Amino acid sequence: MDVFLSDFDSYSESSSSSDQEDDEFMYTGQATSILSNLQETIGKIDDFLLFERRYVHGDIVYSLKNRNSQIGKVTNVEIVVDLENINEKKLKDISSKKLGRIRSISSGEFVVSGPWVGKAEHEADSVTVLFDDGTKSEFIVTGLDTEKLVPVSPDLIDDSQYPYYPGQRVKAVNLTGSMSTRWFCGSKSKNPDEGTVCSVDSGLVHVTWLGCALLGPESVPVPPCLQYSKDLTLVSCFSHSNWQIGDWCTLPKPEHRGFMGHPVHKQSNMCSDFQEMFVIAKMKCKVDVLWQDGSESTGLCASSLGPVNTLDAHDFWPHQFVIEKGTTDDQQCRKWGVVKTVDATEKTVMVKWESGFEETVSVYELIEHPDYSYSPGDLVLRLNKGQIGEDGEKCSSDLYLAHIGNVVGLKNGSVEVKWAAGYTSKVAPHEVLRVEKSESLSATPMLNNGSIQQDQEKSGLSPGPIDKSFSGSDDEDDCLKTLYDSTTFNVPRAAIGLLSNVAKSLFGFPFYTSLSGPVNGPMTGFNEEDDRVLAETNLEAKFKEVKESKDEIRRFDMINDCSNHHFVDSPIKSSLSSQVKKSWLKKVQQEWSILANDLPETIYVRVFEERMDLIRAAIVGAPETPYHDCLFFFDIFLPPEYPHEPPMVRYDSGGLRVNPNLYESGRVCLSLLNTWSGTGTETWNPNGSTILQVLLSLQALVLNKNPYFNEAGYDQQIGSPEGEKNSGSYNENAFLMSCKSMLYILHKPPKHFEALVEEHFNKHCTHILTVCNAYLEGVPVGCALGGACFEPEGQARNSTGFKIMLSKLVPKLVEAFTAKGFDCGKFGQTG
């Protein structure tokens, strides 16, 4: 195959044979020739790269002419290709829709057998050979059986994906006892001669079955995993747009006439219906794009578009199904509708609600409808009961094929589906069920289960290699059971005196543990010498005196009652034990000392008298961030191996996602906690890391000025137009989530921090409302310091969508502050 190598060779020879130093006149012609060859070569390279660019249905793109404008979604793809056969003869400008596949079924594609739909995982080739003696046979060849058919001609196709191809000369060997060979004509000789491959197709296919479209009272057992390809129906909708440069294909014979003036080469002894193969040498892609404002562009050259690699979480598209954001308490009353148009700059969406009413709303008020989240290519089953298996009647395969299909698009509140039967129709979103591509179902038909599996929690930040931030899973109970079986935290009487001294030094009153019960067995782990050493260590420690008055909120305090702490539940109620690690107690003492002495004014900590392993902390959002003036609460647990293992931390989210590292479930993603990958000082160090370091990291590194870049890999976008645009949008949403979090905290303040919540918002409510008012006037989020607001040069002002949403939250904040008796000043008077 000639792919510009001659041009490179000629350039190399010309450049190496000339010496252009002094005599321009002598070498002017040759220099011109070299330059001409170079320009031609560069042009061919550019042309090659141009043809290589390809998009598929559903891809998100932007216009290269105006990268900062709205983005669009690819709705149709037309591909024209140049082909080349094994004899290096070319065929130009062929539509990809005319191309045929070598194998009828490939790995990863959906297939149907009766009412069951599955995904092809592996396939074995079916190779048809015409032997020179006139006999014809079919071989089922797997990757391990290639020695039964040995190529005897030069391998013209250097592609491991296709060890056999039509026109290839082969010799059959080792056929004794073979059960994977069928003889179509002639008699099977003991020593078959050489032959020619006539065709190659999928033979046996290994299928993972995903679901059943049967809705009637009868059930159909799961088919065997191994199936002959001829017994399966392929479910596909965009096969013409999935070609790539280098792919092998076939072409109907009439198309061969345009074969650059060359007749089709035929080898001797070949089948009359010889299946000739071609390779895609070049391709040109034109696409139709649906833009966010509802306009459509058709026939766009792929080179005029660029791919969008990172989407804003609040990007929506015309015809998309959306639902109002809400908490778990109001899911039943949330409205849903269909997007009409989107203003990407102002972050607003025109929505037609299910009632028929149209309204312009903020993008921050919406999420994609979780039950109607359809994308091009999705596999779906029809749910309109009564049409399959009604009254126990036996259904034909054709009827099943009319109830299994692929989504090809969304249009005006309907879902367009291409059914396996071959036709396309529109259905309501609730009439089909999306089959997850990763699912692998048991023999129970999916639609007879009476329940639909919902997606698990989806988050923008991938879980790290080690995840110990409990979120209410079954693993948590198992871990806590193991934890309490170890009896590490059941403090012996020998340690109570020491802890009493520590508490007295810290708080000015002795420590009285509420742990009680008989000591099981002799005291071990501590002796009088240990007590003396630890007591001396304690006496040597210098604690700050607690200077707060009774009316002030202590930043560090010891309290009782940890009943609602996230890590308090234990499957076993243990009594006092004699086993305790003195190193663990000493480390806890050190942690308490650091927290009591070094906490900044914006972090508050509570430790528990009856459970030394539990801590509760409150963090005030820092100024100049979208989290300013909000409170964030965390429950912390010190495991038995602490400090050799990091603490476990859970965020009290109220069901709100305020940050990429803080999940709605309460999971905290931080390399210092070993819940995200990190290196060096980013990870937990048993000899140096502390609880205070964790709290400061949460305040400064997680709840920072530009949290968007906390997402894994997004830091590479810092400084880019796309990154800054997405960061500004994320900050707007982060502040809105912070306002909702304030409402949640005022309604349900964490135990032992009720006084802090009251004091904090009583002191800052007027400032919070003043800043909200400034944001409504366009001041960028985070540009508020003390009592003043400022606008940095070049920073975009807040979007209309943000203002719409904030204007709905401000009255709720005023109402919540007033209900607590806080003085909101002019805001309370007008509210």
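Residues numbered from 1 in each chain as written. Predicted model: local features only at pLDDT ≥ 70, side-chain atom pairs only at ≥ 80, totals over all residues. Heavy atoms only, no water.

Trainee: So, the pairing of strand β30 (residues 631-637): which residues are in play, and what are the values?
Mentor: Within β30, 7 of the 7 residues are buried, which leaves the element mostly enclosed by the surrounding structure. Residues Leu631, Phe633, Asp635 and Phe637 point to one face of β30 and Phe632, Phe634 and Ile636 to the other, with burial holding for every one of them. The sheet contact formed by strand β29 (residues 614-620) and β30 spans 7 bridges and is antiparallel. Paired with Ala618 across the strands is Phe633, a residue of β30. Two elements, β30 and strand β31 (residues 648-651), share 4 bridges in a ladder whose sense is antiparallel. In the sheet register, Asp635 faces β31, and the bridge partner there is Arg650. (Buried < 20%, exposed > 50% of the residue type's maximum accessible area, 1.4 Å probe, protein only. Helix = DSSP H or I, 4+ residues; strand = E, 2+ residues; numbered from the N terminus. Pairing = 2+ DSSP bridges.)

Trainee: Residue-level account of the packing of helix α7 (residues 582-598) against helix α8 (residues 691-702), with values.
Mentor: With their axes 9 Å apart at the nearest point, α7 and α8 run at an angle of 50 degrees to one another. What the angle tells us is that α7 and α8 run oblique. Between α7, through Glu591, Ile594, Leu595 and Asp598, and α8, the contact on the second element is made entirely by Ile691, Leu692 and Leu695. Tallied by class, residues from the contact of α7 with α8 come to 5 nonpolar, no polar and 2 charged. (Axes fitted to C-alpha atoms, helices over the stretch in contact; angles between N-to-C directions. Parallel < 35°, antiparallel > 145°, perpendicular 65-115°, else oblique. Contact = heavy atoms within 4.5 Å. Nonpolar A, V, L, I, M, F, W, Y, C, P; charged D, E, K, R; others polar.)

Trainee: Lay out the pattern of salt bridges in plain terms, naming residues and giving numbers.
Mentor: With the rule as written, the count across this model stands at 16 salt bridges. One salt bridge in this structure joins Glu591 and Lys587, with 3.8 Å as the shortest N-O distance. Here Lys587 and Glu591 lie together in helix α7, a separation of 4 residues that amounts to about one turn. The exposure class assigned to Lys587 is buried, which follows from its relative accessible area of 12%. When the shortest N-O distance is used, the salt bridge between Arg616 and Asp635 registers 2.7 Å. Taken together, the residues span a long stretch of sequence, with Arg616 in strand β29 and Asp635 in strand β30 at a distance of 19 residues. In terms of burial, Arg616 and Asp635 fall into one category: buried. (Salt bridge = Lys/Arg side-chain N within 4 Å of Asp/Glu carboxyl O.)

Keep in mind that these numbers describe shape and distance, not what the molecule does.
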